[in-house]
Amino acid sequence: MNDLDWTPAPLIERLRQAQRIAVMTGAGISAESGIPTFRDDADGLWSKFRPEQLATPGAFSEDPATTWDWYRWRRQKVAAAHPNAGHAALAALQTEVTLDLITQNVDGLHLRAGSTDVVEFHGNLFEDRCDACGYSGTGAVAAEAGFVPHCPRCNAVLRPGVVLFGEMIPEDGLSAATAASESCDLFLSIGTSSQVYPAASFAEFAKARGATLVEVNPEYTPLTPLADYALTGPAAEVLPALLAALAPHR
Ligand code: BV8
Ligand code: ZN
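Below is a summary of the structure that appears in this document. Since the structure is predicted, the reported quantities are computational estimates derived from the model, not experimental observations.

### Here we look at the coordination of the zinc ion (ligand 2)
Thought 1: Protein coordination of the zinc ion (ligand 2) is provided by Cys130 (SG), Cys133 (SG), Cys151 (SG) and Cys154 (SG), with donor distances spanning 2.2 to 2.3 Å.
Thought 2: Angles of 103 to 118° at the metal separate the four donor atoms of the zinc ion (ligand 2), which places the site in the tetrahedral class.
Thought 3: For the zinc ion (ligand 2), the single-chain donor residues occur in sequence as C-x2-C-x17-C-x2-C. Here Cys151 lies in the loop between strand S5 (136-138) and strand S6 (159-162) and Cys130 lies in the loop between strand S4 (123-129) and S5, a separation of 21 residues in the sequence.

Shown next as structure tokens:
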């Protein structure tokens, strides 16, 4: 634990009084599970590939083989990873307070850590989906390079069950995230560069409504100036410290 105070007394008091907490997580909460984030490290996913290259419908239909190679590479990385202390602390917190968990991450690590009712706002990496007939199933993790899966029902090319750039957010996730940002009195933004919309809009909206805004991120982000509390550290350290500080009085 470094000498920064992850648990300022006023914040702990505020967390204790919170009636309903909305949490939005991004790639940063999975960084300590060894999953590369999108923007901020040498082997960040985007450093090798540009989002426009791969995570868009156009790129996918043009070159499904390359896109599938990238997604399967990510599936292998995630399958070999484990939830970290940050995921575990959020799962434990959910048993102590009323908490709506929305994640931009497609890695499924919150669910593996025991969190329930997780809103996977950008879908799930391990789902294969058919846009032609609506088939949905669990996708392969390993396959030979260039393999493009086809729908077992209608033989159309399958796609990963994620929201690509330029695609609409599925209605259920959008309404769940909107409801959470409307009903919370404290919004906790963890491990996100707050650059992708509409995911980044919920923290701003909650703050504008008068909710207390807490950010957990080692770096400064566009959200930091709005935060009531900016805890500049790694989620796997900050979240367990917050949970421990809350514990004795719950
Ligand atoms: C939409 C799934 C309506 C796929 C993802 C032009 C045309 C079309 C759309 C747009 C356009 N211009 C802008 C848009 C909107 C676009 C957008 O926001 N673009 C951005 C790039 C500007 N949004 C969309 O397209 C969305 N749909 O708008 O529909 C529409 C439709 C048509 C036309 C117009 C509008 C859909 C966006 C969904 C894209 N899919 N994921 C996949 O994963 O492959 S997004 C993907 O990137 C992630 O899910 C996540 O959302 C985002 C990455 O962001 P972060 O999670 O924040 O990760 P990042 O690496 O950036 O940051 C990590 C942070 O963690 C850093 O701050 C770091 O400091 C911190 N950190 C590091 N270590 C730690 C840590 N924090 C804590 N602890 C640590 N240890
Ligand atoms: Zn099909």
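So that's the structure; there's more coming.
### Describing the site of ligand 1
Thought 1: Lining the immediate surroundings of ligand 1 are 32 residues, of which Arg39, Arg74, Gln104, Gly166 and Ser193 lie closest.
Thought 2: Between ligand 1 and Glu32 there is a distance of 2.7 Å, counted from a nitrogen atom to a side-chain nitrogen or oxygen.
Thought 3: In this structure, Ser193 approaches ligand 1 through a side-chain N or O atom, which is 2.6 Å from an oxygen atom.
Thought 4: Across the complex, the protein chains shield 76% of the 1500 Å² of accessible surface that ligand 1 would expose by itself.
Thought 5: Only helix H2 (28-31) and helix H6 (64-79) provide two or more residues apiece to the shell around ligand 1.
Thought 6: Its residues assigned to classes, the shell around ligand 1 shows 15 nonpolar, eleven polar and six charged.

### Focus: the layout of surface pockets
Thought 1: When its volume is computed, the second largest pocket comes out at roughly 200 Å³.
Thought 2: Around the second largest pocket sit 14 residues that line it, and Glu120, Phe121, Gly123, Pro170 and Asp172 are the ones nearest its centre.
Thought 3: Broken down by secondary-structure element, the contributors of at least two residues to the lining of the second largest pocket are strand S3 (119-120), S4, S6 and helix H9 (171-183).
Thought 4: Counting residues per element, the lining of the second largest pocket draws most heavily on S4, which supplies four residues.

### A look at the sheet that holds S5
Thought 1: One open sheet accounts for three strands, arranged S5-S4-S6; its pairing is antiparallel. Every interior strand has two partners, whereas the edge strands, S5 and S6, have only one. Pairs of neighbouring strands in the sheet enclose a mean axial angle of 50°, with direction left out of account.
Thought 2: Bridge count between S4 and S6: three bridges; the pairing is antiparallel. Across the sheet, Gly123 pairs through a bridge with Val162, a residue of S6.
Thought 3: Each of S4 and S6 is contacted by H6, which is oriented at about 125° to S4, the strand it contacts most.

### A look at the pattern of salt bridges
Thought 1: Per the stated rule, a full pass over the model turns up nine salt bridges.
Thought 2: Note that Arg20 is salt-bridged to Asp100, the shortest N-O span being 2.7 Å. One end of the pair, Arg20, is in the loop between helix H1 (9-17) and strand S1 (21-25); the other, Asp100, is in strand S2 (residues 99-103), and 80 residues separate them in sequence.
Thought 3: Glu167 is the salt-bridge partner of Arg159, the closest N and O atoms lying 2.7 Å from each other.
Thought 4: Sharing partners across several salt bridges, the network here consists of Arg129, Asp131, Arg159 and Glu167.

### Remarks on the environment of Met24
Thought 1: Tracing the sequence through the fold places Met24 in strand S1.
Thought 2: For Met24, a relative accessible area of 3% translates into the label buried.
Thought 3: Here the alpha-carbon distance between Met24 and Ile190, two residues 166 residues apart in the chain, equals 6.2 Å.
Thought 4: Setting aside anything within four residues of it in sequence, one finds Met24 in contact with Ile102, Gln104, Phe187, Leu188, Ser189, Ile190, Ala199 and Phe202.

### Overview of the packing of aromatic side chains
Thought 1: For the structure shown, the criterion picks out three aromatic pairs.
Thought 2: Summarising the aromatic geometry, the rings of Phe60 and Trp68 are spaced 6.4 Å apart at their centres and angled 65° between planes, so their arrangement reads as edge-to-face. Of the two residues, Phe60 and Trp68, both sit in the buried class.
Thought 3: Ring centres of Phe121 and Phe202 lie 5.4 Å apart, and the angle between their planes is 90°; on these two criteria the pair is classed as edge-to-face. Here the residue Phe121 occupies a position in the loop between S3 and S4, and Phe202 occupies one in helix H10 (residues 201-209), the gap between them amounting to 81 residues. For the pair formed by Phe121 and Phe202, the shared burial category is buried.

What counts as what
- Residues numbered from 1 in each chain as written.
- Chains lettered and ligands numbered in written order.
- Predicted model: local features only at pLDDT ≥ 70, side-chain atom pairs only at ≥ 80, totals over all residues.
- Heavy atoms only, no water.
- Donors = N, O, S within 2.8 Å, 3.2 Å for Na, K, Ca; no water.
- Tetrahedral: all angles 85-135°; square planar, octahedral: opposite > 155°, others 65-115°.
- Helix = DSSP H or I, 4+ residues; strand = E, 2+ residues; numbered from the N terminus.
- Near = heavy atom within 4 Å.
- Polar contact = N/O pair within 3.5 Å; in protein donor to acceptor, adjacent residues only side chain to side chain.
- Areas by Shrake-Rupley, 256 points an atom, 1.4 Å probe, with all protein chains shown as cover.
- Nonpolar A, V, L, I, M, F, W, Y, C, P; charged D, E, K, R; others polar.
- 1 Å grid on protein atoms, 1.4 Å probe; cavity = no way out; pocket = protein on both sides within 12 Å on 5 of 7 lines; lining within 4 Å.
- Points joined across faces, edges and corners; volume = space filled by probe spheres on them.
- Pairing = 2+ DSSP bridges.
- Axes fitted to C-alpha atoms, helices over the stretch in contact; angles between N-to-C directions.
- Contact = heavy atoms within 4.5 Å.
- Salt bridge = Lys/Arg side-chain N within 4 Å of Asp/Glu carboxyl O.
- Buried < 20%, exposed > 50% of the residue type's maximum accessible area, 1.4 Å probe, protein only.
- Phe/Tyr/Trp six-rings, centres within 6.5 Å; stacked < 30°, edge-to-face > 60°.

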